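Architecture at a glance
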Amino acid sequence: MSRGSGCLLVGSVPLQDAETVFRRAEQALPRRLLYIPDGETGNRGRPPSEEQLAVLTKHFEENEIRTGYEDAAIQSYGVFKTLKTQGVIPPSTKFQVGLPTIANVIGAQIRPGVQKIAAPCYEKALFNAISRIQENIPHDELAIQIDMGMDLACWEDVHMTEPFWNDVQWSVWFDTRLYVVEYIARDRNHKHFKEPESLSSIVELYTKIRETCSRRVQWMHCPVPQSAMSKLDSYYAPLAKLASVLNDDDTKLYLGLVHADDLHGTYERIAAAKSVVEDFGVGTECGLGRTPAAEIDNILNIMQEVSNPV
């Protein structure tokens, strides 16, 4: 049967702490991960309460903010480095840091009346966080993924709130040592905002980013929801326009086609994708943060089964 080339953990993994995630990832997916996230464990996996949002909204209006992403990344990298020294993590594997765009935070978490005030504050804090991460983690050990769920939803004219617009300079994001991941956004009930008809919007968005960036994007990720099973040929068809571009750019493609308790369906989704694009890795369609604990081992086992080492 056809298999993918390596695996990607999109970001969140609902385990105890970063060390547990690192060890479990290597144990479950040996020689399949070019990058390993810390799982976004602890409070990072919990959406803010209404009370927290109220405090945050007021804070945006009165203070300069910090995201805290840099603190978590630097702390987790210390664990990553120790495990690499011990031989638990292979020497060539990079530490993966996932960062949400302005739209993912402001568009999804901040009340509409304050979004225009909050957006530039958060943008500044996010760029500061990226700079500090790059100052404290060696570049040859670091892979930064940009999570673009809300951006993609807005691209498809799907909005959780009325859209706000801010003049974000994409070249600022990608002119440093950054890598990119793109996927369909989900709401807090673990459902898609909109069931995608195909990968056309992601292909369009990637093409736009590529035109804007002065550096190479190392990888991109596309979701393949179970709703695509009845239309796999048309769902994958837009990738035909991108296959040669990704090859020329040396950009790795990952398809989020692994679903719990569906080994047979996963092989079907891989076989259909191979008719459009030959080389790709596999992953889930989104992070695992809200996946029931009972499904985690099953998903990781399927990922190993349907992939070859890299």
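As the structure is a computational prediction, the values presented were derived from the model and not from experiment.

Re the confidence of the model for the chain
When the pLDDT values of the chain are averaged, the result is 84; 81% of them are 70 or greater. Considering each helix and strand of the chain separately, the mean pLDDT is smallest for helix 7 (residues 170-174), with a value of 40, and largest for strand 9 (residues 307-308), with 98. Counting interchain partners and residues more than four positions distant, the pLDDT-below-50 stretch residues 168-188 has 103 contacts.

Here we look at the nonpolar core
Among the nonpolar cores identified, the biggest contains 74 residues, and Tyr236, Leu239, Leu253, Leu255, Leu257 and Phe280 are the most heavily contacted of them. Broken down by element, this core gets its largest block of residues, eight residues, from helix 5 (residues 115-136). In this view, Leu257 contacts Val224, Tyr236, Thr266, Arg269, Ile270, Phe280, Val282 and Gly283; residues no more than four positions away in its chain are not counted. Val10, Tyr35, Trp219 and Tyr254 belong to the second largest nonpolar core, which has six residues in total.

Focus on the pattern of salt bridges
Pairs may arise between side chains of opposite charge once their charged atoms sit close together. Within this structure, the stated rule accounts for 12 salt bridges. Between Arg66 and Asp71 there is a salt bridge, with the nearest N and O atoms lying 3.2 Å from each other. Given the relative accessible area of 53%, Arg66 is considered exposed. Classification of Asp71 as partly exposed rests on a relative accessible area of 32%. Where salt bridges share partners, they join Arg66, Glu70, Asp71 and Arg132 into one cluster.

Details of the packing of helix 1 (residues 18-28) against helix 12 (residues 293-305)
Here helix 1 crosses helix 12 at 45 degrees, and the two axes come no closer than 9 Å. Judged by the angle between their axes, helix 1 and helix 12 are oblique. Across the interface between the two elements, Arg24, Gln27 and Ala28 from helix 1 touch Asp297, Leu300 and Gln304 from helix 12. Each residue belonging to the contact of helix 1 with helix 12 can be placed in one class, and the counts come to two nonpolar, two polar and two charged.

Focus on the pairing of strand 4 (residues 94-100)
For strand 4, the tally of buried residues reaches six of seven residues, placing the bulk of the element in the interior. As defined by bridge partners, strand 3 (residues 35-37) adjoins strand 4 across three bridges and the pair is classed as parallel. Residue pairing in the sheet places Tyr35 in a bridge with Lys94 of strand 4. Sheet analysis places strand 4 next to strand 5 (residues 142-147), joined by six bridges and oriented parallel. Each residue of the ladder has a partner; that of Gln96, found in strand 5, is Ala143.

Some remarks on helix 4 (residues 102-109)
For helix 4, a buried count of six out of eight residues is recorded, marking the element as mostly surrounded by other parts of the structure. All buried positions along helix 4 are accounted for by Ile102, Ala103, Asn104, Val105, Ile106 and Gly107.

Description of the packing of aromatic side chains
The geometry of an aromatic ring pair is captured by two quantities: the separation of the ring centres and the angle between the planes. Going through the model one piece at a time under the given rule, you end up with seven aromatic pairs. Taking the centre distance of 5.6 Å and the plane angle of 70 degrees together, the rings of Phe22 and Phe80 count as edge-to-face. Here the residue Phe22 occupies a position in helix 1, and Phe80 occupies one in helix 3 (residues 69-85), the gap between them amounting to 58 residues. With respect to burial, Phe22 and Phe80 carry one shared label: buried. Summarising the aromatic geometry, the rings of Phe80 and Phe95 are spaced 5.5 Å apart at their centres and angled 50 degrees between planes, so their arrangement reads as tilted. Taken together, the positions of Phe80 in helix 3 and Phe95 in strand 4 put the pair 15 residues apart, joining distant regions of the chain. Of the two residues, Phe80 and Phe95, neither departs from the other in class, the shared state being buried. Here the aromatic residues Phe22, Tyr77, Phe80 and Phe95 are joined through ring pairs into a cluster of three or more. One Lys or Arg, Lys252, reaches over the ring of Tyr254 and ends 5.6 Å from the middle of that ring.

Cut-offs applied
Residues numbered from 1 in each chain as written. Predicted model: local features only at pLDDT ≥ 70, side-chain atom pairs only at ≥ 80, totals over all residues. Heavy atoms only, no water. pLDDT = per-residue confidence, 0-100. Helix = DSSP H or I, 4+ residues; strand = E, 2+ residues; numbered from the N terminus. Contact = heavy atoms within 4.5 Å. Core = buried A, V, L, I, M, F, W, Y, C linked by side-chain atoms within 4.5 Å. Buried < 20%, exposed > 50% of the residue type's maximum accessible area, 1.4 Å probe, protein only. Salt bridge = Lys/Arg side-chain N within 4 Å of Asp/Glu carboxyl O. Axes fitted to C-alpha atoms, helices over the stretch in contact; angles between N-to-C directions. Parallel < 35°, antiparallel > 145°, perpendicular 65-115°, else oblique. Nonpolar A, V, L, I, M, F, W, Y, C, P; charged D, E, K, R; others polar. Pairing = 2+ DSSP bridges. Phe/Tyr/Trp six-rings, centres within 6.5 Å; stacked < 30°, edge-to-face > 60°. Lys NZ or Arg CZ within 6 Å of the ring centre and 35° of its normal.

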